[in-house]
Amino acid sequence: MKPPTLNRYDAMRAMAVAVGGLCVAWSVQAQQSVYRCGQEYTNAPRDKSRCQLLQAQAVTVIEGTRPSMGGTGSAPAEGRTKIDPAKAEVTTQKDRDAQARTIVVTELEKTQQQHAQMLQEYKQGGMVLWSSESREQAKHQERMAVLKAAIERAERDMESLQRELARRPAPTHP
């Protein structure tokens, strides 16, 4: 017996049914239950009693960086010199340490300047009333209390930054 031949309409209908079936199968797989187990998100938890079932929602996966496969013993490219990885790491760490120290020094200087400005404003503020404070002494006292708290916070910040600088010795240049 000869198998039946399909006309174009029947072939397209069969293809549509197959594609539709694939779409349904894909959407069922995409809608699997997702659980949060501590810091981990999974659709197959080891112990469901310790995990929380999450509502169905779009999940975005962000891939991390891949390690490079450099330094496999190949000859250095023309115009480049071969670098010892151990020395490169030491140099890189020294650069990071110097950069971190520079950031701390900059932050300390900025905090010292803000502290000096607030201190000057506090000393002058005790004698000068703003126009909005001329009728209400409580507003003046509140402004001065806020300024004093900011001065104390800046002093604590400066102490903290100085401790951080003491932990990071000054870079030595050969």
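Details of the structure are given in the entry above.
Because the structure is predicted, anything quoted here is derived from the model rather than measured. (Residues numbered from 1 in each chain as written. Predicted model: local features only at pLDDT ≥ 70, side-chain atom pairs only at ≥ 80, totals over all residues. Heavy atoms only, no water.)

## Some words on the sheet that holds strand S2 (residues 40–42)
Here's step 1: Strand order across the open sheet formed by three strands is S2-S1-S3, with antiparallel pairing between neighbours. Each end of this open sheet is capped by a strand with a single partner; those strands are S2 and strand S3 (52–54). Ignoring strand direction, the axes of neighbouring strands in this sheet form an average angle of 30 degrees.
Here's step 2: Sheet analysis places strand S1 (residues 34–37) next to S3, joined by three bridges and oriented antiparallel. Bridge pairing in S3 links arginine 36 to glutamine 52. (Pairing = 2+ DSSP bridges. Helix = DSSP H or I, 4+ residues; strand = E, 2+ residues; numbered from the N terminus. Axes fitted to C-alpha atoms, helices over the stretch in contact; angles between N-to-C directions.)

## Quick look at the pairing of S1
Residues in a regular strand point their side chains to alternate faces of the sheet.
Here's step 1: Of the two faces of S1, only one is covered, namely that formed by Tyr35 and Cys37; the face formed by Val34 and Arg36 stays uncovered.
Here's step 2: In the sheet, S1 pairs with S2 via three bridges, with the strands oriented antiparallel. The partner of cysteine 37 across the bridge, within S2, is glutamate 40.
Here's step 3: Counting the residues in the hairpin turn of S1 and S2 gives two residues, including glycine 38, whose phi is positive at 70 degrees. (Buried < 20%, exposed > 50% of the residue type's maximum accessible area, 1.4 Å probe, protein only.)

These figures come from the coordinates and say nothing about function on their own.
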